[in-house]
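If you want the building blocks of each chain, they are given just below.
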There are 2 protein chains.
Amino acid sequence: MIMRKTNSKPQGILLVVSGPSGAGKGTICSMLRKQLPDLGYSISVTTRQPRPGEVDGKDYFFKTVDQVKDMIFRGELLEYAKVYDNYYGTPRPYVEKLLDEGKDVLLEIDIQGALQIKKVFPSGVFVFIVPPSLEELSARIYKRGTDAVDVIEKRLASATKELSYANEYDYIIVNDVAEKATRKVMTLLEAERYRAARTYFIVDKIIHHNTEA
Amino acid sequence: MIMRKTNSKPQGILLVVSGPSGAGKGTICSMLRKQLPDLGYSISVTTRQPRPGEVDGKDYFFKTVDQVKDMIFRGELLEYAKVYDNYYGTPRPYVEKLLDEGKDVLLEIDIQGALQIKKVFPSGVFVFIVPPSLEELSARIYKRGTDAVDVIEKRLASATKELSYANEYDYIIVNDVAEKATRKVMTLLEAERYRAARTYFIVDKIIHHNTEA
């Protein structure tokens, strides 16, 4: 597992935050961005048309279907999905550029996307956000008020199924209070920096400095 | 990897703090004990004679050579070493009793001991303390002033060799300032609590609560 580009500067960490809908990953991710302003974040590619005000390279990388298919073919997407007629995906070269600069990169993504990424990028840190209970999850989905009741019921059923994917992740964070859950994610991100695979280069430096002296 | 005894209460974490001599693991461990008064710690078994004031079951578990050999045979020592004519070892049943009570257990131990424990208890968290540089390590060993110069040189040579074991561990902490290094160990101990293998039982509870309701 290669974690660094050179002997002296560690790569950033790809932090993948995921979980069933209604678990509150969106809230936690915006809190993380506020607390950690240096956090890089991925910009998705999409084949859908830009909406008024959307800027290419900022909101999305806007691509044609052929371009996205080429990217998939060349392994340049960490994950992708086709939603109705449009492709959405996470560009690997862009994420790797940020990581090589030493930036941690936050990626908020659904469970299918996260599991795709884990296969091609296992050195990422995979965090699963869970609601404190199914009652609470249901209350949150209802409160959004954007969906019809039968849609909500479907979502709730799929959320329950999705919960069982939790043990495919590195960490599970129970989101009872968003601030607390955010602090826990920050704690685990810091701890990941001390992982032997990410810090061994320091030991290497200590040993070799001596040999050279 | 079984991390818990029942469905509702997580096991404690076995925190193994190790590193070359002079890295400062002793200082860090006493700071950890002060910061985390609930931390359990292992009591070693030994075949040496109790010194005046030493209490059996508090300072050591004092045993005969035959008793210790029986414990080794039954797999009841997480690790052991023979130092001159005496055996020293870490009793597995005692450590497991504390973990089952939900207590985290701190174990400060040399590298050989830590690597033995990792084999039989891989769910422990293994932390390697390194000095910021070999110059600093050398200064620390000299400052102790307890050893003759040739003993110090030997220790320094073996410390350099020992550093290369760092990547057998889960975490590497550079001990430049002991307070900072201690805080980093506390951070990683907290993060380990959120590991999926240790928290999946919560998800299990959320899912099953629903089925029963």
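Let me begin by describing the structure that accompanies this report. (Residues numbered from 1 in each chain as written. Chains lettered and ligands numbered in written order. Predicted model: local features only at pLDDT ≥ 70, side-chain atom pairs only at ≥ 80, totals over all residues. Heavy atoms only, no water.)

Notes on the overall build of chain A
The secondary structure content of chain A amounts to 8 helices and 9 strands. Its C-alpha atoms give chain A principal-axis dimensions of roughly 70 × 40 × 30 Å. For chain A, the residues scored as buried account for 45% of the 213 residues in total. Taking the contacts inside chain A whose residues are at least 6 apart along the sequence as the reference set, 68% of them involve residues at least 24 apart. Taken as a whole, chain A presents about 11100 Å² of accessible surface, with 51% of it coming from carbon and sulfur. (Helix = DSSP H or I, 4+ residues; strand = E, 2+ residues; numbered from the N terminus. Buried < 20%, exposed > 50% of the residue type's maximum accessible area, 1.4 Å probe, protein only. Contact = heavy atoms within 4.5 Å. Areas by Shrake-Rupley, 256 points an atom, 1.4 Å probe, with all protein chains shown as cover.)

Details of helix α5 (residues 134-144) of chain A
Of all the positions in α5 of chain A, only Leu-134, Leu-137, Ser-138, Arg-140 and Ile-141 of chain A are classed as buried. One face of α5 of chain A carries all of its buried residues, which in axial projection span an arc of 160 degrees. (Arc of directions from axis to C-beta.)

Structural notes on the sheet that holds strand β2 (residues 40-41) of chain A
Hydrogen bonding along the main chain pairs the strands of a sheet, whether they run parallel or antiparallel. Residues and elements named next belong to chain A. With parallel pairing, 5 strands are arranged side by side in an open sheet as β2-β7-β1-β8-β9. Every other strand in the sheet has two partners, leaving β2 and β9 (171-174) as the edge strands with one partner each. Two strands pair when backbone bridges link them, and β2 and strand β7 (residues 105-108) are joined in this way by 2 bridges, in the parallel orientation. Each residue of the ladder has a partner; that of Tyr-41, found in β7, is Leu-106. Its contacts with the sheet put helix α1 (residues 25-35) on β1 (14-18), β2, β7 and β8 (125-130), and the angle it makes with β7 is roughly 165 degrees. Of the strands in this sheet, β1, β7 and β8 are in contact with helix α4 (residues 111-120), which crosses β1 at around 150 degrees. (Pairing = 2+ DSSP bridges. Axes fitted to C-alpha atoms, helices over the stretch in contact; angles between N-to-C directions.)

A short note on the environment of Gly-12 of chain B
Within the secondary structure, Gly-12 of chain B sits in the segment before β1 (14-18). Sequence-distant contacts of Gly-12 of chain B, that is, excluding residues within four places in its chain, are made with Leu-99, Gly-102, Lys-103 and Asp-104 of chain B.

Observations regarding the relation of the copies chain B and chain A
Superposing chain B onto chain A takes a rotation of 180 degrees plus a shift of 0.0 Å along the axis, which leaves an RMSD of 0.0 Å. In short, the pair behaves as if placed about a two-fold rotation axis. The residues that chain B uses at the interface reappear at the interface of chain A in 100% of cases, marking a shared surface. (Least-squares fit on C-alpha atoms with pLDDT ≥ 70 in both.)

Regarding the nonpolar core
Of all hydrophobic cores here, the largest spans 40 residues; its most connected members are Leu-15 and Val-127 of chain A together with Leu-15 and Val-127 of chain B. Contact partners of Val-127 of chain A, with chain neighbours within four places excluded, come to Leu-15, Val-16, Val-17, Ser-18, Tyr-169, Tyr-171, Ile-173, Val-185 and Leu-188 of chain A. If you look at the next biggest cluster of nonpolar residues, it comprises 32 residues, including Ala-114, Leu-156, Ala-159 and Tyr-169 of chain A. (Core = buried A, V, L, I, M, F, W, Y, C linked by side-chain atoms within 4.5 Å.)

Considering the pairing of β8 of chain A
Walk down a regular strand and you will see the side chains alternate between the two sheet faces. Residues and elements named next belong to chain A. Of all 6 residues making up β8, 6 are buried, and the element is well covered by its neighbours. Alternating residues of β8 divide into Val-125, Val-127 and Ile-129 and Phe-126, Phe-128 and Val-130, and every residue in both groups is buried. The pairing of β1 with β8 spans 4 bridges and is classified as parallel. Residue pairing for β8: Val-16 is matched across the bridge by Phe-126. As paired elements, β8 and β9 share 4 bridges and run parallel to each other. Its bridge partner being in β9, Phe-128 is matched across the sheet by Ile-172.

A few points about the interface of chain B and chain A
Each partner contributes residues to the interface: chain B has 35 residues there, and chain A has 35 residues. Where chain B abuts chain A, roughly 3000 Å² becomes buried across the two surfaces, and 68% of that area is made up of carbon and sulfur atoms. When the buried surface of chain B facing chain A is broken down by residue, Ile-172, Tyr-194 and Ile-206 of chain B rank first, second and third, together holding 20% of it. For the pair chain B and chain A, the interface holds 4 salt bridges. (Buried area = accessible area lost by both parts, 1.4 Å probe. Salt bridge = Lys/Arg side-chain N within 4 Å of Asp/Glu carboxyl O.)

A look at the packing of helix α5 (residues 134-144) of chain B against helix α6 (residues 149-163) of chain B
Residues and elements named next belong to chain B. Axis separation between α5 and α6 bottoms out at 10 Å; the angle between their running directions is 145 degrees. Here α5 runs over α6; the crossing is right-handed. In contact with Leu-134, Leu-137, Ser-138, Ile-141, Tyr-142 and Arg-144 of α5, α6 contributes Val-149, Ile-152, Glu-153, Arg-155, Leu-156, Ala-159, Thr-160 and Leu-163. The residue makeup of the contact of α5 with α6, split by class, is 9 nonpolar, 2 polar and 3 charged. (Left-handed = near helix turned anticlockwise from the far one by under 90°. Nonpolar A, V, L, I, M, F, W, Y, C, P; charged D, E, K, R; others polar.)

Re the side chain of Thr-90 of chain B
Position of Thr-90 of chain B relative to the elements: it lies in strand β6 (residues 86-91). Ignoring sequence-local partners within four residues, the contact set of Thr-90 of chain B consists of Ser-42, Glu-76, Leu-77, Leu-78, Glu-79, Val-95, Leu-107 and Ile-109 of chain B.

A short note on unusual backbone geometry
For Tyr-84 of chain A, which is not glycine, the phi dihedral falls at a positive 50 degrees. Considering the arrangement of structural elements, one finds Tyr-84 of chain A in the loop between β5 (77-83) and β6 (86-91).

As for the environment of Ile-72 of chain A
Residue and element names in this part refer to chain A. Inspection of the secondary structure assignment puts Ile-72 in helix α2 (residues 65-73). Taking relative accessible area as the criterion, Ile-72 reaches 24% and is therefore assigned partly exposed. Sequence separation between Ile-72 and Pro-91 is 19 residues; the distance between their C-alpha atoms is 9.4 Å. Non-local contacts of Ile-72, meaning those with residues more than four positions away in its chain, are made with Leu-77, Tyr-80 and Tyr-87.

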